[in-house]
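# An overview of the molecular structure
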Amino acid sequence: MGAHESMEHAEHAEHASGSNKNIALLIAVLALFLALSETFGKGAQTESISKNVEASNLWAFFQAKSIRRTVVQATSDQARLSLGQMGDEAAKATLAKQIEDWKKTADRYRSEPETGEGSEQLAARAKEAEHARDLAMARYHHYEVASAAFQIGIVLASATIITSMIALAWVSGALAVAGIGFTLIGLFAPHAVHLM
């Protein structure tokens, strides 16, 4: 091998070394964004599960209140029918008072704004929890797509080092941009792009 060929070979090796440093930096940046999107994704997934449990609990409480209200109303209606058949005025007055108390209890089971535990308030709270759950799931799906883009980008960037095909680095960079885009959509506008 001549001096001229050795010089060209050394220049090519030096150029490849500088190129590999740039690819290594690209991989590091992709790994950083992957870690962020995974962290955001796990947080959104946890929130989604938490809000789903909250909504389920609130709907169960709503059903319990509705059943109690129905039982109290049925008992009150049955007592009201018996009221006309009673001859004893003192017993009639006592039963009428009890019927009125049952009506107040049934009304309280329907709406109790002071405590937020009437069936109307429980239904509203359950719907809010469902909305928060759906929002967290939309975020989670975007973060998952972003994570996939970053992971594929890392693989392609690594393949660039092995194959010296710079086109793979460009595709990797494009995937990084797509991943950043999906991460931002997940953060700021999770319902802008419908994924699932």
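Residues numbered from 1 in each chain as written. Predicted model: local features only at pLDDT ≥ 70, side-chain atom pairs only at ≥ 80, totals over all residues. Heavy atoms only, no water.

## Points about the overall build of the chain
Convention followed: Each helix is a run of H or I in the DSSP string that is no shorter than four residues. Each strand is a run of E no shorter than two, and both are numbered from the N terminus. Between buried and exposed lies partly exposed: a residue is buried under 20% and exposed over 50% of the maximum accessible area for its type, with that area taken using a 1.4 Å probe on protein chains only. Here, two residues are considered to be in contact whenever any of their heavy atoms come within 4.5 Å of each other. Methods summary: accessible areas were calculated by the Shrake-Rupley approach with a probe of 1.4 Å, and residue burial reflects only the protein chains presented.
Scanning the chain from terminus to terminus reveals four helices and zero strands. Across the chain, helices and strands are ordered from the amino to the carboxyl terminus as α-α-α-α. When the 196 residues of the chain are sorted by exposure, 28% land in the buried category. Long-range pairs, those at least 24 residues apart, make up 73% of the contacts in the chain between residues at least 6 apart in sequence. Of the accessible surface of the chain, which amounts to about 12,200 Å², a share of 63% is contributed by carbon and sulfur atoms.

## Focus on the pattern of salt bridges
Side chains bearing opposite charge may pair, as long as their charged atoms lie close to each other. Convention followed: Any carboxyl oxygen of Asp or Glu that lies within 4 Å of a side-chain nitrogen of Lys or Arg is treated as forming a salt bridge with it.
Overall, the coordinates contain six salt bridges when judged by the stated rule. A salt bridge links Lys 97 to Asp 101; its shortest N-O distance comes to 3.2 Å. Residue Lys 97 and its partner Asp 101 are both found in helix 2 (residues 89-110); the two are separated by four residues, about one turn of the helix. Accessibility expressed as a relative area gives 53% for Lys 97, which makes it exposed. With a relative accessible area of 27%, Asp 101 lands in the partly exposed category. For Lys 103, the salt bridge goes to Asp 107, with nearest N and O atoms at 3.1 Å. Here Lys 103 and its partner Asp 107 are both found in helix 2, four residues apart, which amounts to about one turn of the helix.

## As for the packing of aromatic side chains
The cut-off we apply is this: Here the aromatic set is Phe, Tyr and Trp, taking the six-membered ring for Trp, and pairing holds for ring centres within 6.5 Å; pairs whose planes are under 30 degrees apart are stacked, those over 60 apart are edge-to-face, and all others are tilted.
This structure, assessed with the given rule, holds three aromatic pairs. A centroid spacing of 5.8 Å and a plane angle of 20 degrees characterise the contact between Phe 33 and Phe 150, whose relative ring orientation is stacked. With Phe 33 in helix 1 (residues 3-83) and Phe 150 in helix 3 (residues 119-163), the pair connects residues that are 117 residues apart, well separated along the chain. On the accessibility criterion, Phe 150 (1% relative accessible area) is buried. Pairing Phe 40 with Tyr 143 gives two aromatic rings, centres 5.5 Å apart and planes at 40 degrees, and the pair type is tilted. With Phe 40 in helix 1 and Tyr 143 in helix 3, this pair connects stretches of sequence that are 103 residues apart. On the accessibility criterion, Tyr 143 (3% relative accessible area) is buried.

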